[in-house]
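An overview of the molecular structure
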Amino acid sequence: MTVAPFGDRLAAQFAAGRHLCAGIDPHAGLLDLWGLHDDAAGAERMGRDVVAAAAGVAACVKPQISFFERFGAAGFAALERVLADARAAGLLVIADAKRGDIGSTFAAYAEAWLSPGSPLESDALTVSPYMGVGMLDDADTAVREHGKGLFVLAATSNAEARPVQTAVRADGRTVAAAMVDEAEARNRAADARAAVGTTGVVLGATLRLADFGIDRHRAEGGPALPVLAPGFGHQGAQIEDAREIFGGLGRALLANESRSILSGGPGGIATRVEERAAKIAAALHNEKGLA
Ligand SMILES: O=C(O)c1cc(=O)[nH]c(=O)n1[C@@H]1O[C@H](COP(=O)(O)O)[C@@H](O)[C@H]1O
């Protein structure tokens, strides 16, 4: 069976007016608030409840792997069941595992998280590019053949990342700007006519991109760059400001919210997800389906 490219699957979500990425971050404090134990079963219950609430409403869910990894094998077994629920519900799944290594090792990470039939199969994976974006090459063919995607950290929402990400390379670009350029170049090389690319970036919504040397004013043309944008909700960014924050880089924007959705407890989670999704769609959606 041929699987549609990840960018096409993302584009279909946007066309349906879905731009919310619902985070699954079972912090100990949130599990307590939900009346759940801080264990694998508690994390699984929260994850599956978020999936049920997000189905048909959000574009994707983003389980943050660390909160499951805390419980070792039991945590991974719980995560596998959350991932299976999400796939069955038709949600795209971004595994937030922030992986990165030499190319041959990265390929094994891609096999774990992005290959069909793998117990941890997801639709996309967050990537830490400190070992160089070229490490993705070894996994590229498999990732694309399986219709999967990648989100490379470019400018992240945490203040301590700034010195690294604003560092200027020998070619005069900041590290953050080079990540954006490299992701765009990979998408053009793979399929210049695709509406949305398969390699995306992570850009924190709490930032001024100009501070990172990233130009928001981009000519249309070429695949839209998938942008995973955390920082809305708990970290303070406002969805109404998304156009101002991302400019021409916000054409394929996924707005992530985790704690702002989870901190209301299990009661009313479906309503909260619907409200956030509607607000995000109202701020981002346009007649092309893109942001
Ligand atoms: O890659 C990420 O998802 C990420 C990148 C970034 O720059 N900032 C950031 O907060 N995140 C993740 O996004 C989520 C944000 O959660 P909330 O602040 O609760 O909405 C967490 O899972 C973080 O690990």
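Residues numbered from 1 in each chain as written. Predicted model: local features only at pLDDT ≥ 70, side-chain atom pairs only at ≥ 80, totals over all residues. Heavy atoms only, no water.

For clarity, the threshold we go by: UniProt positions are given in the numbering used here, feature names are shortened, and annotations may be inferred rather than shown by experiment.
For the chain, the name recorded in an unreviewed UniProt entry is Orotidine-5'-phosphate decarboxylase, with Leucobacter tardus as its organism. Recorded under Sequence similarities (unreviewed entry), the UniProt text for the chain is reproduced unchanged: "Belongs to the OMP decarboxylase family. Type 2 subfamily."

**A short note on the site of the ligand**
Just so we agree on the cut-off: We call a residue near a given molecule or strand whenever any one of its heavy atoms falls within 4 Å of it. Polar contacts, as counted here, are pairs of nitrogen or oxygen atoms within 3.5 Å of one another; within protein the pair requires one atom able to donate a hydrogen and one able to accept it, and residues that are adjacent in sequence qualify only if both atoms are side-chain atoms. Note on areas: Shrake-Rupley with a 1.4 Å probe; residue coverage comes only from the protein chains shown. Cavity means a closed set of points on a 1 Å grid over the protein atoms alone, one where a 1.4 Å probe fits but cannot get out, pocket means an open set with protein on both sides within 12 Å along at least 5 of 7 lines, and lining means a residue has an atom within 4 Å of a point. Molecules are considered to sit inside a cavity or pocket once more than half of their atoms lie within 2 Å of its grid points. Here the term charged refers only to Asp, Glu, Lys and Arg, the term nonpolar to Ala, Val, Leu, Ile, Met, Phe, Trp, Tyr, Cys and Pro, and the term polar to all other amino acids, Gly among them.
Every one of the 16 residues lining the ligand counts as a neighbour, but D25, S157, Q235, S258 and R259 are closest to it. Taking D25, its side chain carries an N or O atom lying 2.5 Å from an oxygen atom of the ligand. A distance of 3.0 Å separates an oxygen atom of the ligand from a polar side-chain atom of D96. In the complex, 89% of the free accessible area of the ligand, which totals 510 Å², lies under the protein chains. Judged by the fraction of its atoms near the pocket grid, the ligand is located in the largest pocket. In terms of residue class, the shell around the ligand is built from 4 nonpolar, 6 polar and 6 charged.

**Quick word on the UniProt feature "domain: Orotidine 5'-phosphate decarboxylase" (unreviewed entry) in the chain**
The following threshold applies: A helix here means a DSSP run of H or I that spans at least four residues, while a strand means a run of E at least two residues long, and both kinds are numbered starting from the N terminus.
Per the UniProt entry, the sites bearing "domain: Orotidine 5'-phosphate decarboxylase" (unreviewed entry) are residues 19-280 in this numbering. Counted over residues 19-280, helix gives 40% and strand 16%. Its end C-alpha atoms are 7 Å apart.

**Regarding the pattern of salt bridges**
The test is simple: Definition used for salt bridges: Asp or Glu carboxyl oxygen within 4 Å of a side-chain nitrogen of Lys or Arg.
Applying the stated rule across the entire model yields 24 salt bridges. A salt bridge links D123 to K148; its shortest N-O distance comes to 3.9 Å. Within this pair, whereas D123 is found in the loop between α6 (103-114) and β4 (124-127), its partner K148 is found in the loop between α7 (137-145) and β5 (149-155), the two being separated by 25 residues in sequence. Between D140 and R144 there is a salt bridge whose closest N-O contact spans 3.3 Å. Here the residue D140 and the residue R144 both occupy positions in helix α7, the gap between them amounting to 4 residues, near one helical turn.

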